[in-house]
Amino acid sequence: MKRMTYLLPVAIVVIAGLMASIFIVDEREKALVLQFGQIKRVKEEPGIALKIPLIQEVVYYDDRILALDTDTIEVTPSDDRRLVVDAFARYRINDVVRFRQAVGVGGLPAAETRLSSILNAQIREVLGADQVTSDTILSEDRRILMNRIRDQSQAEARALGLNVVDVRLKQTNLPEQNLNATFERMRAEREREAADEIARGNEAAQRVRAQADRTVVELVSEARKESEIVRGEADARRNAIYAGAFGADQGFFEFYRSLSAYEKALKGSNSSLVIAPDSEFFEYFSGTQDAR
């Protein structure tokens, strides 16, 4: 009985020591085994591993792709048109040993501070390079610029044990103090373009209107010409008919002419005519005309 009493504490100590020597690495993590602050072992594969209790400790690091948003900064492209830029990066802890040596106990916060400084420096360098204008940054060529920022940042981030997977520019805006001036310039340019379009439209309208007026004059002239020709032909035909009728029956023709003259001379209810009764004009009213 006394022997069991002595063995129980020993068993508890052994079990506690065994439990303290076991650690588990998740598939999303990497681990470093430290002994008095010195790296003794790297555990990158998931599973169960052992360490020396009380002497060694385990530090875990995330093995997934992580995100980092940079601070908003101002850059000045080669056209001296300042822009406000911020970006985000995707990175991963590639070498946990170098990462530990670079940042120490600071861990991810210290690493992200240094990586953010690297990214901002490369953003300024790439976007401020020669032949890189604000139009280039705002065009489809910005993808090439982002890849260049990623590659140049990668070279420096490698010293931290990091792998920069991707870099993207989130927004590219003008500084607040430049917005009004830019908007006014854009408005002036649009108004100038509108004025040019209106002037070209008026010019085209004048050409169309002049052509239409010319066409109207030509059509009216041609119509008048044709009408005069038709009228002349009709008059000629009428005169020919009159001449034929006069030749066929001269007396009837004179009678018809007199009736037409009466109709025109006595037209209207207020017409007055002062003429001698024995005038030839009333020849067919007097009853004294010769029988023909």
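One can find the structure itself at the top, above this paragraph.
Only a predicted model underlies this, so the values are computations on that prediction, with no experimental measurement involved.

The rules we used
- Counting restarts for each chain: residues are numbered from 1 in the order of the written sequence.
- Local features in this predicted model are restricted to residues whose pLDDT is 70 or higher, and side-chain atom pairs enter the listing and the counts only when it is 80 or higher, whereas totals over whole chains, interfaces and linings include all residues.
- Calculated side-chain values reflect all of the structure's heavy atoms, with hydrogen atoms and water omitted.
- Should DSSP find at least two bridges between two strands, the strands are regarded as paired.
- Numbered from the N terminus, helices here are DSSP runs of H or I no shorter than four residues, and strands are runs of E no shorter than two.
- Helix axes use the C-alpha atoms of the stretch in contact, all axes being lines fitted to C-alpha atoms, and the angles between their N-to-C directions lie in the range 0 to 180 degrees.
- Roughly parallel here means an angle under 35 degrees, roughly antiparallel means over 145, roughly perpendicular means 65 to 115, and every remaining angle is called oblique.
- Note on definitions: a residue-residue contact is assigned when non-hydrogen atoms from the two residues lie within 4.5 Å.
- Residues were grouped as follows: Ala, Val, Leu, Ile, Met, Phe, Trp, Tyr, Cys and Pro as nonpolar; Asp, Glu, Lys and Arg as charged; and all remaining residues, including Gly, as polar.
- Partly exposed residues are those whose accessible area sits between 20% and 50% of the maximum for their type, while under 20% is buried and over 50% is exposed, using a 1.4 Å probe and protein chains only.
- Buried Ala, Val, Leu, Ile, Met, Phe, Trp, Tyr and Cys residues that are joined via side-chain atoms within 4.5 Å together make up what is termed a nonpolar core.
- Expected helix span is computed as 1.5 Å times (number of residues minus one).

Draft legend 1. Broad picture of the sheet that holds strand β5 (residues 56–62). Across the sheet, three strands lie side by side as β3-β2-β5; this open sheet has antiparallel pairing. Of all the strands in the sheet, just β3 (38–43) and β5 have a single pairing partner and so form its edges. Across the sheet, the mean angle separating the axes of adjacent strands is 30° when strand polarity is ignored. With five bridges connecting them, strand β2 (residues 29–35) and β3 associate as antiparallel partners.

Draft legend 2. Inspection of the packing of helix α2 (residues 96–103) against helix α3 (residues 107–127) at higher detail. Between α2 and α3, the least distance of the axes is 10 Å, while the angle of their chain directions is 80°. In terms of orientation, α2 lies roughly perpendicular with respect to α3. On α3, the residues that touch F99, A102 and V103 of α2 are G107, L108, A110, A111 and R114. A class-by-class count of the residues in the contact of α2 with α3 yields six nonpolar, one polar and one charged.

Draft legend 3. Structural view of the pairing of strand β6 (residues 66–69). A one-sided burial pattern is seen for β6, the buried positions being L66 and L68 and the unburied ones A67 and D69. Here β6 pairs with strand β8 (residues 83–93) via four bridges, running antiparallel. Paired with L66 across the two strands is Y91, which belongs to β8.

Draft legend 4. Main features of the nonpolar core. L115, I123, L127 and L162 are the most contacted members of the largest nonpolar core, which totals 35 residues. A per-element tally of this core places α3 first, with seven residues. Once you skip the residues sitting within four places of it in the chain, L127 turns out to touch V75, T76, P77, V85, V132, I137, L145 and L169. By size, the runner-up hydrophobic cluster in this structure holds six residues, among which are F23, A31, V33 and V58.

Draft legend 5. Layout of α3. In a regular helix each residue adds 1.5 Å, so 21 residues correspond to 30 Å; α3 covers 30 Å between its end C-alpha atoms and thus fits that length. For α3, the set of buried residues is G107, A111, L115, S116, I118, L119, N120, Q122, I123, V126 and L127.

Purely geometric numbers; function is a separate question.
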